[in-house]
Each structure stands twice: as structure tokens, then as C-alpha cells.
Amino acid sequence: MTEQTNADNCEFDFDVAIAENVRSSPHNDGDSVVIESVWGDKCYVSSWHLVREKELYFVKKAIREGKLSVG
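The shown structure was predicted, so the numbers you read here are calculated from the model rather than taken from an experiment. (Residues numbered from 1 in each chain as written. Predicted model: local features only at pLDDT ≥ 70, side-chain atom pairs only at ≥ 80, totals over all residues. Heavy atoms only, no water.)

A.B. asks: Sorry, what's going on with the environment of asparagine 21 here?
C.D. replies: The residue asparagine 21 is located in helix 1 (residues 14-21) in this model. Taking the C-alpha atoms as reference points, asparagine 21 and tryptophan 39, 18 residues apart in sequence, are found 8.0 Å from one another. With residues near it in sequence (within four places) discarded, asparagine 21 still touches Glu36, Ser37, Val38, Trp39 and Leu68. (Helix = DSSP H or I, 4+ residues; strand = E, 2+ residues; numbered from the N terminus. Contact = heavy atoms within 4.5 Å.)

Spelled out as C-alpha cells, the structure:
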């Protein structure tokens, strides 16, 4: 997914940013999913259909905090 960002009106590929910086895997309880970013964010969601939203949140948060460059 490529989106326009406010920073210099450049396109940013969120799929690449997620692939490089966020990992999602089944939690050992078998039902939930653990999502972790290279910036230290970590959370659990109840099912895989909720994963993408949280992965995007972690990337957008990193951009806002200056941990990930969009340019």
C-alpha cells in the first residue's frame, strides 16, 4: 500500500515499512497474535484480521516520532 504523506508530498510504501520493521506471529496461547516492532512496540490482538491495523499504527507512530523517515 502506497500512500501520500504530508512530508514533502512524497509517496511512502507502508507494506515495505511493515515488512522491514514489524513482526507478527501467533501467540503461544494459540488464539491471539503478538505484534512487535523494531522500535520496541508490542501488543497482542485477538485474531489475524486485526493485525494489519496495528502494524500500520506502529509504522505511522514511528513516522510521527521521527523514528522512521518518509523521504
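Having seen the model, we can carry on.
A.B. asks: What is the right way to look at the pairing of strand 4 (residues 33-37) in this model?
C.D. replies: A regular strand places its side chains on the two faces of the sheet in alternate fashion. In terms of residue burial, strand 4 counts as a mostly covered element, since four of its five residues are buried. One ladder, built from five bridges, connects strand 3 (residues 22-26) with strand 4; its direction is antiparallel. Within strand 4, the residue paired with serine 25 across the bridge is valine 34. Between strand 3 and strand 4, which pair antiparallel one after the other, the connecting turn spans six residues, and glycine 30 there sits at a positive phi close to 90°. Of the strand pairs in this sheet, strand 4 and strand 5 (residues 42-45) are connected by four bridges, and their pairing is antiparallel. Across the sheet, isoleucine 35 pairs through a bridge with cysteine 43, a residue of strand 5. Between strand 4 and strand 5, which pair antiparallel one after the other, the connecting turn spans four residues, and glycine 40 there sits at a positive phi close to 95°. (Buried < 20%, exposed > 50% of the residue type's maximum accessible area, 1.4 Å probe, protein only. Pairing = 2+ DSSP bridges.)

A.B. asks: Explain the nonpolar core here, please?
C.D. replies: What tends to happen in soluble globular proteins is that the nonpolar side chains get buried as a cluster. In this structure, Phe12, Val22, Ile35, Trp39, Val45, Val59 and Leu68 are the most contacted members of the largest nonpolar core, which totals 17 residues. Elements represented by at least two residues in this core include exactly helix 1, strand 4, strand 5 and helix 2 (51-64). Looking at this core, the element that brings in the most residues is helix 2, giving five residues. Not counting residues within four places of it along the chain, the set of residues in contact with tryptophan 39 comprises Asn21, Val22, Phe58, Val59, Ala62, Lys67 and Leu68. (Core = buried A, V, L, I, M, F, W, Y, C linked by side-chain atoms within 4.5 Å.)

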